[in-house]
Amino acid sequence: MKAYVINLADRHDRMAFMQSQLEVQNIDFCRIDAVRPDNKQGFDSLYNSLTKQGLSRYEACCALSHYKIWVSFLESDDEYRLILEDDIHLAEDTAEVLHALSFKGWKEGVLKLDTLNATVTAARSVEFECNQRLISEIFTTHSGTAAYVLSRSTAELLVAAFANFRYAVDIEVFDTERRQLNMIRVFQLSPACCIQDTLLPGSTLFSSIHERQDSEGGLRRVLNSKIVTSIKPIYRLLYSVLLLPLGKKRTLVRFRG
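In this report, we go over the structure that sits alongside the text. (Residues numbered from 1 in each chain as written. Predicted model: local features only at pLDDT ≥ 70, side-chain atom pairs only at ≥ 80, totals over all residues. Heavy atoms only, no water.)

### Details of empty space enclosed by the protein
Where empty space is left can be seen by rolling a probe of water-molecule size over the atoms. Rule in force here: Cavities and pockets were defined on a 1 Å grid built from protein atoms only: a cavity is a group of points that admits a 1.4 Å probe but offers it no way out, a pocket is an open group of points flanked by protein on both sides within 12 Å along at least five of seven lines, and a lining residue is one with an atom within 4 Å of any such point. Grid points are joined across faces, edges and corners, and a volume is the space filled by probe spheres set on the points. Strands here mean DSSP runs of E at least two residues long; helices mean DSSP runs of H or I at least four residues long; both are numbered from the N terminus. The classification used treats Ala, Val, Leu, Ile, Met, Phe, Trp, Tyr, Cys and Pro as nonpolar, Asp, Glu, Lys and Arg as charged, and all other residues, Gly among them, as polar.
Applying the stated criterion across every chain, the model contains one cavity of 30 Å³ or more. Of the volumes computed, that of the largest cavity is approximately 30 Å³. For the largest cavity, the full set of lining residues is Ala 3, Leu 22, Ile 27, Leu 82, Leu 84, Leu 90, Thr 94, Leu 98, Leu 113 and Cys 194. Secondary structure elements with two or more residues in the lining of the largest cavity: strand E3 (80-85) and helix H4 (94-104). In the lining of the largest cavity, the residues fall into nine nonpolar, one polar and no charged.

Shown next, in the form of structure tokens:
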């Protein structure tokens, strides 16, 4: 499965970081030039539509960078496409996971390969297993578009609705409460095989993206306070018991390198 890596033209450090990881695992990849406010690459009309809807200029450009890949995907003969942002760490067996997915032929919804260390409501049934990593459908929000596999049918839905996006691209794809396209099925690889650099100790790849719509970072810091963290496992267990008759469970999606 070929990887499409979104990268700003002046972020050679990030591309070198990604290239070294992908080459070690012999993962075929293609660099995609990220859209930026001073170089909209012919997407001026869509950019204006998004900013009028309330997206910041950086959110609009991030969304357009993903849109650019979705459109090229639909112009190809591919049945699915792997999309990566340029600040993720890959697990050592990522290539094996991708090979298994290619063999299976993933053709429905969107499959999230990364994690924000989030707890989600997931199906108890497993769609697929590889190297003790499970794929299950999830039903609650798990934001971030750092690493995901997209099916052709889902790309068609996203492209058709794109001009009306009111939120950042990760919200429109993965936020079950705010996104427009509630019919999209989202699946999660757990443990995840990708994680953003900023979520690991000793982060070195500073972000070029600013002006986030909401304060998710601040909210996450509050939720991860010592007191709340200590009761999360108990809450997760009790919630899972309540979800049992629905064939669902609460699960913490961790990264396993």
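### Quick look at the packing of aromatic side chains
Condition: Classification of ring pairs uses Phe, Tyr and Trp, with its six-membered ring standing for Trp, and accepts pairs whose centres are within 6.5 Å; under 30 degrees between planes counts as stacked, over 60 as edge-to-face, and the remaining range as tilted. Only protein chains enter the area calculation, which uses a 1.4 Å probe; residues under 20% of their type maximum are buried, those over 50% are exposed, and those in between are partly exposed. Whether a charge lies above a ring is judged from NZ of Lys or CZ of Arg, which has to be within 6 Å of the ring centre and within 35 degrees of the ring normal.
Applying the stated criterion across every chain, the model contains six aromatic pairs. Pairing Tyr 67 with Phe 162 gives two aromatic rings, centres 4.3 Å apart and planes at 25°, and the pair type is stacked. Of the two residues, Tyr 67 is situated in helix H3 (residues 57-74) and Phe 162 in the loop between helix H5 (152-161) and helix H6 (169-174); the sequence distance between them amounts to 95 residues. The exposure class assigned to Tyr 67 is buried, which follows from its relative accessible area of 13%. Residue classification places Phe 162 among the buried residues on the basis of a relative accessible area of 0%. Both rings, one in Trp 70 and one in Phe 162, keep their centres 6.2 Å apart while their planes meet at 85°; by these two values the pair is edge-to-face. With Trp 70 in helix H3 and Phe 162 in the loop between H5 and H6, this pair connects stretches of sequence that are 92 residues apart. You'll find Trp 70 and Phe 162 in the same group, each marked buried. One aromatic cluster in this structure is built from Phe 43, Tyr 67, Trp 70, Phe 162 and Phe 165. The lysine or arginine in question, Lys 40, covers the ring of Tyr 47, its NZ or CZ lying 4.7 Å from the ring centre.

### Some remarks on the packing of H3 against H5
If you want to describe how two helices pack, look at the angle between their axes and the distance between the axes. Quick note on the threshold: For helices, the axis comes from a line fit to the C-alpha atoms of the stretch in contact; other axes are also lines fit to C-alpha atoms, and the angle between any two N-to-C directions lies between 0 and 180 degrees. In these notes the angle categories are as follows: under 35 degrees is roughly parallel, over 145 is roughly antiparallel, 65 to 115 is roughly perpendicular, and the rest is oblique. Crossing handedness: left-handed means the near helix sits turned counterclockwise from the far one by under a right angle, and right-handed means the same turn made clockwise. Two residues form a contact once any of their heavy atoms are found within 4.5 Å.
The N-to-C vectors of H3 and H5 enclose an angle of 125°; their axes lie 10 Å apart at closest approach. When the axes of H3 and H5 are compared, the pair comes out oblique. When you trace H3 past H5, the crossing you get is left-handed. Two secondary-structure elements touch here, H3 through Tyr 67, Trp 70, Val 71, Phe 73 and Leu 74 and H5 through Arg 152, Ala 155, Glu 156, Leu 158 and Val 159.

### Here's the deal with the nonpolar core
For clarity, the cut-off: By nonpolar core we mean a set of buried residues, namely Ala, Val, Leu, Ile, Met, Phe, Trp, Tyr and Cys, connected to one another through side-chain atoms within 4.5 Å.
Counting residues in each nonpolar core, the largest one holds 40 residues, and the members touching the most others are Leu 50, Leu 64, Trp 70, Val 110, Leu 150, Leu 158 and Phe 162. Contributing elements (two or more residues each) for this core: strand E1 (3-7), helix H2 (44-53), H3, strand E6 (119-123), strand E9 (147-151), H5 and H6. Counting residues per element, this core draws most heavily on H3, at eight residues. Apart from residues no more than four positions distant in its own chain, Leu 64 is found in contact with Val 35, Phe 43, Leu 46, Tyr 47, Leu 50 and Phe 162. Core analysis: the second largest hydrophobic core is formed by 31 residues, Phe 17, Tyr 80, Ala 100 and Ile 135 among them.

### Notes on unusual backbone geometry
Going from Ser 190 to Pro 191, the amide bond is cis rather than trans, its omega being -5°. Backbone geometry at Asn 117 places phi at a positive 60°, although glycine is not the residue there. Judged by relative accessible area, Asn 117 falls into the partly exposed class, the value being 40%. You will see that Asn 131, though not glycine, has its phi angle at about 55°, which is positive. Asn 131 sits in the partly exposed class, given a relative accessible area of 32%.

### Topic: the environment of Thr 154
Take Thr 154: it is sitting in helix H5. Thr 154 sits 46 residues away from Glu 108 along the chain, and the two C-alpha atoms are 7.2 Å apart.

### Remarks on the pairing of E6
Applicable threshold: Think of it this way: DSSP has to see at least two bridges between two strands before they count as a pair.
Burial within E6 is extensive, with four of its five residues counted as buried. Judged from the five bridges that link them, E6 and strand E12 (residues 248-252) form a sheet pairing that is antiparallel. Opposite Ala 122, over in E12, you have Lys 249 as the bridge partner.

### Some points on H3
To be explicit about the condition: Multiplying one less than the number of residues by 1.5 Å gives the expected span of a helix.
For H3, which comprises 18 residues, the first-to-last C-alpha distance of 26 Å matches the rise-based estimate of 26 Å (1.5 Å per residue) to within 8%. Three or more residues of H3 are buried, namely Tyr 58, Glu 59, Ala 60, Cys 61, Ala 63, Leu 64, Ser 65, His 66, Tyr 67, Ile 69, Trp 70 and Phe 73.

Distances and angles like these do not, on their own, reveal function.
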